Amino acid sequence: MRSGNGVILELDNVFLRRGETVILDRLSWRVKQGEHWGVVGPNGSGKTTMLKVATGAMWPTSGAVSALGHQYGKVDLHTLRRRIGWVSSALEELIPTYSTAFEVVLSGLFASYGIYDNAAQGDLDRAAELLGLMGCDGIAQRRYGVLSQGEKQRVLVARSLMTEADILIMDEPASGLDLSAREILLSAVDGLARKGSDLSLVFVTHHIEELVPAITHVAVIVTGSVLAAGAKDAVLTSETLSEAFGVAVEVDRR
């Protein structure tokens, strides 16, 4: 069940220290139902750590984290995570190279990196549907290890949606892709956001041009804090991005 105020993900005054290093510094951020967020910021700003805290993969030193109306520490995170999709290039190392693209997608149903249980016909149909949604129906029976980098990323997105997640978090999914593969992936992501379902997206990137038109809000993270967060056009300004990246940036919209 979602929270009554429509907030589906919230970090409240989160502080995270490792040794003498402060990684997140009193960071507060919330995602409401129907919003699609881009998260940008320089290397080492804490973007990936923020996402790990948001998914319960890492615990903050202090502060509160909640998702879908449930506060972490007071809910079964294993069950809750089934409603939070996660896509990262780091997942690639965990996927068996001999699995077919179809099997990789289906494994998302069991939160595993292989198929160790029987799936109902409805689940098989959903895996096929998601592959089609990501433009991968033609590679369903190809081994994951021989797929291109772009194909692998789109298969991972389809996998993350097998449990009908309420929120999909993507950590630099276009990293390492060539121009064509990147545009195909971004087009698929934009299509997901425009489907009109309850799914909310969080898309992390270093590259402003990867923020597809369907992104509605942007958070700029610098040194573990939120420099700016809000409606996309209000946040993506030359002044804000110049401050964030420490170089002169001019924003041009086309």
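Residues numbered from 1 in each chain as written. Predicted model: local features only at pLDDT ≥ 70, side-chain atom pairs only at ≥ 80, totals over all residues. Heavy atoms only, no water.

1. Some points on unusual backbone geometry
Although it is not a glycine, L68 adopts a positive phi angle of roughly 55°. Mapped onto the elements of the fold, L68 is located in the loop between β4 (62-67) and β5 (70-71). With relative accessibility at 0%, the residue L68 sits in the buried group. Positive phi, close to 50°, is recorded for E172, a residue that is not glycine. Following the sequence through the fold, E172 ends up in the loop between β7 (167-171) and α6 (179-193). (Helix = DSSP H or I, 4+ residues; strand = E, 2+ residues; numbered from the N terminus. Buried < 20%, exposed > 50% of the residue type's maximum accessible area, 1.4 Å probe, protein only.)

2. Brief notes about the packing of aromatic side chains
In the structure shown here, the tally under the stated rule is one aromatic pair. Summarising the aromatic geometry, the rings of W29 and W37 are spaced 5.7 Å apart at their centres and angled 85° between planes, so their arrangement reads as edge-to-face. We note that W29, like W37, is buried. (Phe/Tyr/Trp six-rings, centres within 6.5 Å; stacked < 30°, edge-to-face > 60°.)

3. Description of the layout of surface pockets
Empty space left among the atoms is revealed by rolling a probe the size of a water molecule over them. By volume, the largest pocket is sized at about 620 Å³. Every residue lining the largest pocket is counted, 19 residues in all, and those nearest its centre are R81, I84, W86, Y113 and R159. The residue makeup of the lining of the largest pocket, split by class, is eight nonpolar, seven polar and four charged. If you add up the space inside the second largest pocket, you get close to 470 Å³. (1 Å grid on protein atoms, 1.4 Å probe; cavity = no way out; pocket = protein on both sides within 12 Å on 5 of 7 lines; lining within 4 Å. Points joined across faces, edges and corners; volume = space filled by probe spheres on them. Nonpolar A, V, L, I, M, F, W, Y, C, P; charged D, E, K, R; others polar.)

4. Looking at the nonpolar core
In terms of nonpolar packing, the biggest core is built from 51 residues, with L131, V155, V157, L168, M170, V218 and V220 touching the most fellow members. Among the secondary structure elements, those contributing two or more residues to this core are α3 (101-107), α4 (121-133), α5 (149-160), β7, α6, β8 (200-204), β9 (217-222) and α8 (238-245). The biggest single contributor to this core is α6, with seven residues. Residues contacting V218, with those up to four places away along its chain left out, are W37, G38, V40, L211, A228, A229, G230, K232, V235 and L236. Residues L16, L24, L68 and A219 belong to the second largest nonpolar core, which totals 28 residues. (Core = buried A, V, L, I, M, F, W, Y, C linked by side-chain atoms within 4.5 Å. Contact = heavy atoms within 4.5 Å.)

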